[in-house]
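# Chains, contacts and geometry: an overview
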Amino acid sequence: MSSFHFSERVRALGGAAERDCREAGLFSRADEVCSERSEQVLAAFRCERVSSGDFAEVTGYGYSDGGREKLERIYAAIFGAQDALVRLSFLSGTHALTVALRALLRPGDTLLAISGAPYDTLQAVIGTSGGSGASLLARGVRYEQIELSGDSFDLPTIFARVARGDVRVAHIQRSRGYSARGGLCIDKIARAIAAVKDACPETIVLVDNCYGEFVERREPTMVGADVAVGSLLKNPGGGMASTGGYCAGRADLIAEIAEWLTAPSIGRDLGANFGQLSSLYKGIFLAPSVVAAALKTAIFAARALSLAGFRGVSPRFDEPRTDIVQTVDLGSADALVAFCGGLQSGSPIDSFARPEPGEMPGYEDLEVMAGGSFIGGSTIELSADGPLKPPYTAYLQGGLTFDYGKLGVLSAIEAMQEKGYISL
Ligand SMILES: *Cc1c(COP(=O)(O)O)cnc(C)c1O
């Protein structure tokens, strides 16, 4: 029985794409990382002796919530960090990054982005767009940026700038964000951190780890990053967390970040859990598998879209990956909207809805977004979005299981075929 009404050609394309991915050993590679990371996660749960009592709802101020503190120690262990802050009160990845940057940068300090322009929503946080009086620049923080050299860090320039001794925070973004560059793998990040620390050991290295968690065997905090920051609506939430973010890293810095999240002297000691701890525990427990499913979905999409004739597919299906983002250039605004519409139709929630371009807080261009997800805006669930500007790139990510991911991708390809943007 086939209730999905894919055309024969789209089914055949899907079959060929999946075969190519398996034959190239790409799925087994993702499974190997998943096994290794799952072992780490389970070891952390055992070491902390997690029991069902740790999931108890704590309301009010949330003093002495042992379950919340244990979860934070588990994150620290999984990230190879001294400490971690895992909070529902981080509203998003942008918010967690904002709190961390505000905590670590004082007026007169310099923030140096060493992987080029940070993610769109951070432009307003830094103050390079938007003109908010609450931005870092408005508070008197200095900002400088070093571009990537090709797909790697410009190590000599980074070393020379940091060696002047006045850079308080060096910022690295692991994933591509809404840019044409590739992700920066842990080996490259390790070399960049070494260059910063050689030039000035006091400079704090902060990594925007969004979309990167569990993709590789190691995390930035295992290769010398002082702080890694991310969203629970992405990889480490495992599709279970209904909100939240995390910071993992050096204990003294995590303590400072906690004071800026809450209040001086309160720091990490407060915070009701609203009965959400069991989803956060379940999320980090499932995260290695869910990230592997999202990676397979991305690899499959890359192959299927290339076979369908798209040339601007990045990364290529067999290129190494450090994040779960897949992009494809679709060439026109209509094609981008059709692609997102097709993906939406292959989603479990709101499959009948058609995404339309609109304005998004924190983004400069009109955006179109497909996200038929259980949790609003969750992008570890299958989702696609893109700014309406040339080359009309769709940013595709997520997939709670590979089978559902594949159905979503094939629905997008079917829509492109029906509307005449491709001919199979
Ligand atoms: C998603 C993302 C962010 C922001 O996270 P939100 O939860 O969307 O605010 C920041 N940086 C990168 C690289 C991201 O992918």
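Above this text is the structure in question.
Below is a short write-up of the structure. (Residues numbered from 1 in each chain as written. Predicted model: local features only at pLDDT ≥ 70, side-chain atom pairs only at ≥ 80, totals over all residues. Heavy atoms only, no water.)

### Some words on the site of the ligand
- In the region of the ligand, the neighbouring residues are Ser92, Gly93, Thr94, Leu97, Tyr119, Gln173, Asp208, Cys210, Tyr211, Ser231 and Lys234.
- Between the ligand and threonine 94 there is a distance of 2.5 Å, counted from an oxygen atom to a side-chain nitrogen or oxygen.
- A distance of 2.6 Å is found between a nitrogen atom of the ligand and a side-chain nitrogen or oxygen belonging to aspartate 208.
- For the ligand, the accessible surface in isolation is 380 Å², of which the surrounding protein chains cover 90%.
- Among the residues forming the shell around the ligand, the class breakdown is four nonpolar, five polar and two charged. (Near = heavy atom within 4 Å. Polar contact = N/O pair within 3.5 Å; in protein donor to acceptor, adjacent residues only side chain to side chain. Areas by Shrake-Rupley, 256 points an atom, 1.4 Å probe, with all protein chains shown as cover. Nonpolar A, V, L, I, M, F, W, Y, C, P; charged D, E, K, R; others polar.)

### A look at helix 2 (residues 26–47)
- For helix 2, built from 22 residues, the straight-helix expectation of 32 Å at 1.5 Å per residue is met to within 8% by its first-to-last C-alpha distance of 32 Å.
- Leu26, Phe27, Ala30, Val33, Cys34, Arg37, Val41, Ala44 and Phe45 are the residues of helix 2 that are buried. Down the axis, helix 2 shows its buried residues gathered within 125 degrees of arc, on one side only. Helix 2 presents Glu39, Arg46 and Cys47 as exposed residues on the side facing more than 90 degrees away from its buried surface.
- Of the surrounding elements, those touching the buried residues of helix 2 are helix 1 (8–23), helix 3 (66–78), helix 9 (277–307) and helix 11 (402–418).
- Directly beyond the C-terminal end of helix 2, a positive phi value near 50 degrees is found at arginine 49. (Helix = DSSP H or I, 4+ residues; strand = E, 2+ residues; numbered from the N terminus. Expected span 1.5 Å × (residues − 1). Buried < 20%, exposed > 50% of the residue type's maximum accessible area, 1.4 Å probe, protein only. Arc of directions from axis to C-beta. Contact = heavy atoms within 4.5 Å.)

### Considering the pattern of salt bridges
- Summed over all chains, the structure comprises 25 salt bridges.
- Across the pair glutamate 219 and arginine 37 runs a salt bridge, and its minimum N-O distance is 2.8 Å. Of this pair, glutamate 219 sits in the loop between strand 5 (204–208) and strand 6 (227–231) while arginine 37 sits in helix 2, placing them 182 residues apart in sequence.
- Looking at glutamate 219, the relative accessible area reads 0%, which means it is buried.
- Through salt bridges that share partners, Arg37, Arg174, Glu216 and Glu219 make up one connected network. (Salt bridge = Lys/Arg side-chain N within 4 Å of Asp/Glu carboxyl O.)

### Section: the pairing of strand 11 (residues 383–387)
- Along strand 11, five of the five residues are buried, which leaves the element largely enclosed by surrounding structure.
- Every second residue of strand 11 is oriented toward a common face, with Ser383, Asp385 and Pro387 on one face and Ala384 and Gly386 on the other, all of them buried.
- Strand direction decides the pairing type here: strand 10 (residues 367–370) and strand 11, joined by four bridges, are antiparallel. Each bridged residue has a counterpart across the sheet, and for methionine 369 the counterpart in strand 11 is aspartate 385.
- When strand 11 meets strand 12 (residues 393–397), the two strands line up antiparallel, connected through three bridges. Bridging from a neighbouring strand, serine 383 pairs with glutamine 397 of strand 12. (Pairing = 2+ DSSP bridges.)

### Description of the nonpolar core
- Judged by nonpolar contacts, the single largest core of 39 residues is most densely connected at Phe310, Leu330 and Phe339.
- Listed by contribution, the elements that provide at least two residues to this core are helix 1, helix 2, helix 9, helix 10 (333–345), strand 10, strand 12 and helix 11.
- Excluding its chain neighbours within four sequence positions, the residues that come into contact with phenylalanine 310 are Leu305, Val328, Asp329, Leu330, Met416 and Ile422. (Core = buried A, V, L, I, M, F, W, Y, C linked by side-chain atoms within 4.5 Å.)

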